Amino acid sequence: MAVSKTNKKKQQCYIAVPSQIINSISSSGIQSLLLSPKKKNPSFSVKFKLLLNNPRFWVLFLFVFGFVGMLKLWFNFETLAPFAPNPCGIFQEKTSFLNDHQVSQLSIGALNLGNEEKEEEGDEKSEFWKQPDGLGYKPCLDFSSEHRKTSLDIVKGRTKYLMVVVSGGMNQQRNQIVDAVVIARILGAALVVPILQVNVIWGDESEFSDIFDLDHFKEVLANDVRIVSSLPSTHVMTRPVEEKRTPLHASPEWIRSHYTRKLRRDGVLLLRSLDSRLSKDLPSDLQKLRCKVAFHALRFSPSILELGNELTERMRSKGPYVALHLRMEKDVWVRTGCLPGLSHEIDEMINNERKRRPELLTSRSNMTYHDRKLAGLCPLNALEVTRLLKALGAPKSARIYWAGGIPLGGKEALQPLTSEFPHFFNKEDLALPGELEPFAKKASLMAALDYIVTENSNVFMPSHGGNMGHALQGQRAYAGHKKTITPNKRQMLQHFLNSSLSETEFNRIILDLHRDSLGQPELRKAGRDVTKYPVPECMCNGTMNHSST
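Residues numbered from 1 in each chain as written. Predicted model: local features only at pLDDT ≥ 70, side-chain atom pairs only at ≥ 80, totals over all residues. Heavy atoms only, no water.

1. Considerations on the pairing of strand E13 (residues 459–462)
The side-chain alternation of E13 yields two buried faces, one formed by Val459 and Met461 and the other by Phe460 and Pro462. Direction of pairing for strand E10 (residues 321–325) relative to E13: parallel, over a ladder of four bridges. What sits directly across from His325, in E13, is Pro462. (Buried < 20%, exposed > 50% of the residue type's maximum accessible area, 1.4 Å probe, protein only. Helix = DSSP H or I, 4+ residues; strand = E, 2+ residues; numbered from the N terminus. Pairing = 2+ DSSP bridges.)

2. A closer look at the packing of helix H8 (residues 170–187) against helix H21 (residues 467–478)
Orientation of H8 relative to H21, taken along the N-to-C sense of each, is 60 degrees, at an axis distance of 8 Å. On the basis of their axis angle, the class for H8 and H21 is oblique. Crossing of H8 over H21 shows left-handed handedness. Across from Asn171, Gln172, Arg174 and Asn175 in H8, the residues of H21 making contact are Asn467, Met468, Ala471 and Gln475. Class assignment for the residues of the contact of H8 with H21 results in two nonpolar, five polar and one charged. (Axes fitted to C-alpha atoms, helices over the stretch in contact; angles between N-to-C directions. Parallel < 35°, antiparallel > 145°, perpendicular 65-115°, else oblique. Left-handed = near helix turned anticlockwise from the far one by under 90°. Contact = heavy atoms within 4.5 Å. Nonpolar A, V, L, I, M, F, W, Y, C, P; charged D, E, K, R; others polar.)

3. Digging into the sheet that holds strand E11 (residues 399–403)
Reading across from one edge, E12-E11-E10-E13 is the order of the four strands in this open sheet, with parallel pairing throughout. Edge positions in the sheet fall to strand E12 (424–425) and E13, since each of these pairs with one other strand and no more. Where E11 lies against E12, two bridges are found, and the strand directions are parallel. When the sheet's bridge partners are listed, Tyr401 is paired in E12 with Phe425. The strands that helix H13 (residues 302–316) touches are E10, E11 and E12; relative to E11, the one it contacts most, it runs at about 150 degrees. Against the sheet, H21 engages E10, E11 and E13, with an angle of about 155 degrees to E13.

4. Considering the confidence of the model for the chain
One rule of thumb: low pLDDT means the predicted coordinates there are not for detailed reading. Looking at the chain, the pLDDT average stands at 82 and 74% of residues meet or exceed 70. Counted against residues more than four places away or in other chains, residues 1–42, with its pLDDT under 50, gives 54 contacts. pLDDT under 50 marks residues 68–116. Its contacts with residues more than four places away, or in other chains, come to 56 contacts. (pLDDT = per-residue confidence, 0-100.)

5. Some thoughts on the state of the cysteines
The tally for this structure, following the rule as stated, stands at three disulfides. Each sulfur in the disulfide pair Cys291 and Cys538 lies 2.0 Å from the other. Judged by the sign of its S-S torsion, about 85 degrees, the cystine formed by Cys291 and Cys538 is right-handed. You can see Cys291 sitting in helix H12 (residues 284–297) and its partner Cys538 sitting in the loop between helix H23 (503–513) and strand E14 (539–540), a full 247 residues away along the chain. The buried category is assigned to Cys538, whose relative accessible area is 0%. Here Cys338 is linked by a disulfide to Cys378, with a sulfur-sulfur distance of 2.0 Å. Taking the torsion about the S-S bond as the criterion, the Cys338 to Cys378 disulfide, at about -85 degrees, is left-handed. Here Cys338 is found in the loop between helix H14 (330–336) and helix H15 (344–356), whereas its partner Cys378 is found in the loop between helix H16 (369–374) and helix H17 (382–391), with 40 residues between them in sequence. Each member of the pair, Cys338 as well as Cys378, is classed as buried. (Disulfide = S-S within 2.5 Å.)

Structure (C-alpha cells):
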C-alpha cells in the first residue's frame, strides 16, 4: 500500500493498487514517486507538495498505473484528486472477476490491451462482414385482381374444411404448414389449425400455438384463406376422409381433380405427410401466398420471440457475429452415409449402425463414403468449417453463434473451431440461469430460438443442407439479401485434400470459389422452392412496383 503525507495534520491518503502492479515496479521506482521526502530537504518537500496539487502530475500518474483498460477496472473517476472535493477519499474495487491469466498479464499487457481493441475495431470493418449487393430487390406481394376477387368467396365459405397433420422437426413442420395453406386455397376450403404430430425421436408434444403466434397467423391470412381453430359443430360428427395417396410434387390441377368431389361430399378432408407433396412450380399468386405464409404469417409465439431477441442482443452487444448451423449429430452421419473422421472407433460405430439399419440411409446407397464426400453430399466437420471460415476472411476475434444438436464426440468434435475462434457460443452459453427451463424438453421451441438468433446474424453459414438452412437462406434473402455463405462442397473438397497447397494459395482458391455464393440475389429455377429463392416471384427490383404486404 503506497502512502504519502499531504498536510500538516498528517492526514493519510490511500490509493488502492493491486499487488501484481506493485510487484511489477521496482521498489526504488515506487519510492521515487510516492514516499514523502526527507525533512532535511525542505525545499524539495515544498516542490513535491506543489506537484501533488498539479493536475498534470495526476494525469501522468494515471497513465503510468492505469492506461485505458486499468482505469475501467480499479479507479473511480469521481473520487480521484484533483477532481474530487476530498483528495484523501479512500476507494477500492474488487478484482475477483479477473482470472489468473489476466492478473498475471496486467502489469506487462496494459499497452497490448489498447492494441487489441484497435485490432478488434479493424476486424469489425474487415471485408468478411461486408454484405452482398441486393441489386435493389425488395419484398413484392402484389396479388392479381383475380386472386383478390376469388378471395371474397373463399374466406366466406362455411361448408368445406381441410385438416392436416404435419410431421418432423420444427423446420420440416413449417414447410408443411406453408403448403397446407396453399392447398386449402386451391380447394377453396377453410384450414383447421394444423395438428403437429408428436415427434417420435424427441418426444416433443408441442402444439401449433406453442411455437407460432396463432392470432397473428389468422390475421395475416384473413384475406386469403379462412383459418379456424377447430371444426364447427356442424362438422364435428363428420368422419374426415383421410387421403394417403397424394403423390410427390402434385400440381394444383391434380389436387382439384382428386379432392374437390370428396370435399364437397363429406365436408372435411384430412391430409397427412405433406412434405414435398405440393409442386414447387405454381402459378404466380400461389407462389406469393407461399411467401406470405413463410415470411409474414408464421411468426413465433411471443415467449419464444422475446427470449430469442434477448439472446440476439447479447450476441450483438460486442459487434457483428456469425451464425453456424452445424449438422454433426450421430443421426446425420448415419443418414447421409458419411463419416465424421473423429477416430477409427467412431467411424466404425457409424458404419455398424448403418449396416444394422440400412433404411436410415437417405439415398444413393451404392456410393462409397469417399464418393459421397467428393460429390459434396456430406456435412462439413469442424476442421473443414474452420478452414473455410479462415479462407473467407473471418477474423480470429469473430463472435460465433452455433445452432444445432449436440455433435457426435461432444466438445472434442468442436475443438478445431473453438481453438481458432474462441468467442464461441450457443443458446445455453447466452441464457441466464432458468431462462431455458420452459423450453428445455421441447425440441421445437429450442429450434425456434436457434432460428431467431441465426436469422438476425450478420453472416450465416450452414455446414450442410436441410430444412433449417434452406428456410434461413430464403428468410435472409427476403430481408434484404443478408450475407449467407453456401459452402461449395463439390468443388472445394478436392483442395482440402491437397496438402501441397500453401495456406495463401488455398485461401485464394477457396475465396474465388465462393465469390458468387455469399447470398447475392439468385433467380429461382424450375423445381426450386420459392421460400428458398424468393426472386422473382416474391421480390422485385427497384424498377418495379413492390409492396411488403
